[in-house]
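What the coordinates show
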Amino acid sequence: ESTIAMVKSILAGSFSVSGEHERWLAEKKEKGFVYATTRNDDPAKGPLTNPNIRAYNELPFAQRVKGALLVVAVIGAAAHHDLTVPRIPDLLLA
């Protein structure tokens, strides 16, 4: 669901890496996730936690690059299938 929304926004030309993180962050918080240094997706094991529950500009560089690489992969797949991407997004700029 989340990945489909991201792909659609890239192909529509309205994607930003920081904007996608904000959307993801809101989705996680709505589900009850909180920040912790370790990740826990199983409520039976305690609170739902994720180390990326923080502002985009506070994410580690590697995590920001991961978001940019997803954009590049979608644009590459679109080009391979002769789909048009109306705007190439600023990959690492907020």
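It should be noted that the structure appears before, not after, this text.
First, a word on what this report is: a plain description of the structure on this page. (Residues numbered from 1 in each chain as written. Predicted model: local features only at pLDDT ≥ 70, side-chain atom pairs only at ≥ 80, totals over all residues. Heavy atoms only, no water.)

1. Some details on the overall build of the protein
Regarding its fold elements, the protein presents three helices and two strands. For the protein, the succession of helices and strands along the chain, N to C, is α-α-β-β-α. Counting all 94 residues of the protein, 32% fall into the buried class. When the accessible area of the protein is evaluated, it comes to approximately 6100 Å², of which 60% is carbon and sulfur surface. Between the centroid of the 11 positive side chains of the protein and the centroid of its 10 negative side chains there is a distance of 4 Å. (Helix = DSSP H or I, 4+ residues; strand = E, 2+ residues; numbered from the N terminus. Buried < 20%, exposed > 50% of the residue type's maximum accessible area, 1.4 Å probe, protein only. Areas by Shrake-Rupley, 256 points an atom, 1.4 Å probe, with all protein chains shown as cover. Lys, Arg positive; Asp, Glu negative; His and termini not counted. Charge placed at Lys NZ, Arg CZ, Asp CG, Glu CD.)

2. Structural notes on the side chain of Asn40
Mapped onto the secondary structure, Asn40 falls in the loop between strand S1 (34–35) and strand S2 (49–50). Asn40 gets classed as buried once you look at its relative accessible area, which sits at 13%. From its side chain, Asn40 meets the backbone nitrogen of Asp42 in a polar contact 3.0 Å long. A polar atom in the side chain of Asn40 sits 2.9 Å from the backbone oxygen of Pro47. What Asn40 contacts, discounting residues up to four positions off in sequence, is Phe33, Lys45, Gly46, Pro47, Leu48 and Thr49. (Polar contact = N/O pair within 3.5 Å; in protein donor to acceptor, adjacent residues only side chain to side chain. Contact = heavy atoms within 4.5 Å.)

3. What about the environment of Pro47?
Along the chain, the position of Pro47 falls in the loop between S1 and S2. Note on Pro47: relative accessible area 61%, which makes it exposed. Placed 20 residues apart in sequence, Pro47 and Glu27 show a C-alpha to C-alpha distance of 16 Å.

4. Brief notes about the nonpolar core
Among the nonpolar cores identified, the biggest contains 11 residues, and these are Met6, Ile10, Phe15, Val17, Tyr56, Leu59, Val71, Val74, Ile75, Ala78 and Val85. Going through the elements one at a time, helix H1 (2–12) and helix H3 (61–80) are the ones with two or more residues in this core. Considering each element in turn, this core owes the most residues, four residues, to H3. Leu25, Phe33, Leu48 and Ile53 belong to the second-largest nonpolar core, a separate cluster that totals five residues. (Core = buried A, V, L, I, M, F, W, Y, C linked by side-chain atoms within 4.5 Å.)

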